[in-house]
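Observations on the three-dimensional arrangement
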Amino acid sequence: MVGSVIDGEDIVQEALAKGFVAIRNGDMPDKTEPWLFRIAHNAALDFLRKRARSRGRESEVELDTIADENPALDARIAAEASLAELMQLPPAQRCAVVLKDVLGHSLEEIGEILETSDTAIKGALQRGRDSLRKLSAAPRTPSPRPALNREEMRRLGDYVAAFNARDFDGLRGLLASDVKLELVNRLRADGKEYVGNYFGRYADETHWHFTTGIVEGRPAILVTSPARPDGPPRYFILIHWEDGRIAGIRDFLFADYVMDGLDYSDVK
């Protein structure tokens, strides 16, 4: 929905947090799956609205009633569509296509999730399918490589070199006093003393190997699995810098499922 596994993971965590609060307050409905999907859907729409406002534009879609033509073909086209193609659909169409053709929900289930009518769903679904057919038939051109901040890439390269040399004391020395750590899907921590212990896990392992890379256009660290040293990266890490210090670490060690379909590349 948002075109980013990084932002998407934030939305999933937000949706789960809201769900747990509701359960604690005794507000959980009988049908939990559409309820959780609705929470996640609304969180995704809120994110898209904020991003659209920041870009000075908002995309709206008019919904019509159009009958389904070839659901099997539509499902295959949607399942094979790239994230870039799906992101060219307006949010309402994108959501309808993902829920129906990718995740396999019925119109009734989608209606529960989106709290809208079959008429609106069918209109968004058909428009989205038509657009995906045209996009899938068009020749694909590689996305241009994003311009990189040389200073940030240099700092990231120094971080990677220090890690691969197992210079964990040197890395601890780069931490800002109020550094924030997020082990995605596991824990969050603040403060140089606590976050400094984070390197202990890696210090106990001898096979993890870091390389500099680009993830969704952002400088990142790609981490090779000890079990597959010559294989693709198992997960990635994002480093946030402020005044030459490490102000934030976001480590996807416990959320390696985000690598499925991730747009990434090595930086040589």
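The structure under discussion appears in the preceding block.
Here the structure is a predicted model, which is why all the values come from computation and not from measurement.

1. Some thoughts on the overall build of the chain
Helix and strand content of the chain: eleven helices and seven strands. Within the chain, the fraction of its 268 residues that count as buried is 40%. Across the chain, every contact between residues at least 6 apart in sequence was considered, and the portion connecting residues at least 24 apart equals 66%.

2. Some details on the pairing of strand S3 (residues 209-215)
Along a regular strand, successive side chains alternate from one face of the sheet to the other. Burial within S3 is extensive, with five of its seven residues counted as buried. Where S3 and strand S4 (residues 218-224) come together, seven bridges link them in antiparallel fashion. Within S4, the residue paired with Thr211 across the bridge is Leu222. By the bridge criterion, three bridges tie S3 to strand S7 (residues 264-266) in an arrangement that is antiparallel. In the sheet register, Gly213 faces S7, and the bridge partner there is Asp266.

3. So, the packing of aromatic side chains
Inspection of every chain in the model, using the stated rule, returns ten aromatic pairs. Centroid distance Phe163 to Tyr202: 5.4 Å. Interplanar angle 85°. Geometry classified as edge-to-face. Linking Phe163 in helix H8 (residues 150-164) with Tyr202 in helix H11 (residues 198-203), this pair joins segments that are 39 residues apart in sequence. Given a relative accessible area of 1%, Phe163 falls into the buried group. Seen from their ring centres, Phe168 and Phe199 are 6.3 Å apart, and the 35° between their planes marks the pair as tilted.

So, how was this worked out
- Residues numbered from 1 in each chain as written.
- Predicted model: local features only at pLDDT ≥ 70, side-chain atom pairs only at ≥ 80, totals over all residues.
- Heavy atoms only, no water.
- Helix = DSSP H or I, 4+ residues; strand = E, 2+ residues; numbered from the N terminus.
- Buried < 20%, exposed > 50% of the residue type's maximum accessible area, 1.4 Å probe, protein only.
- Contact = heavy atoms within 4.5 Å.
- Pairing = 2+ DSSP bridges.
- Phe/Tyr/Trp six-rings, centres within 6.5 Å; stacked < 30°, edge-to-face > 60°.

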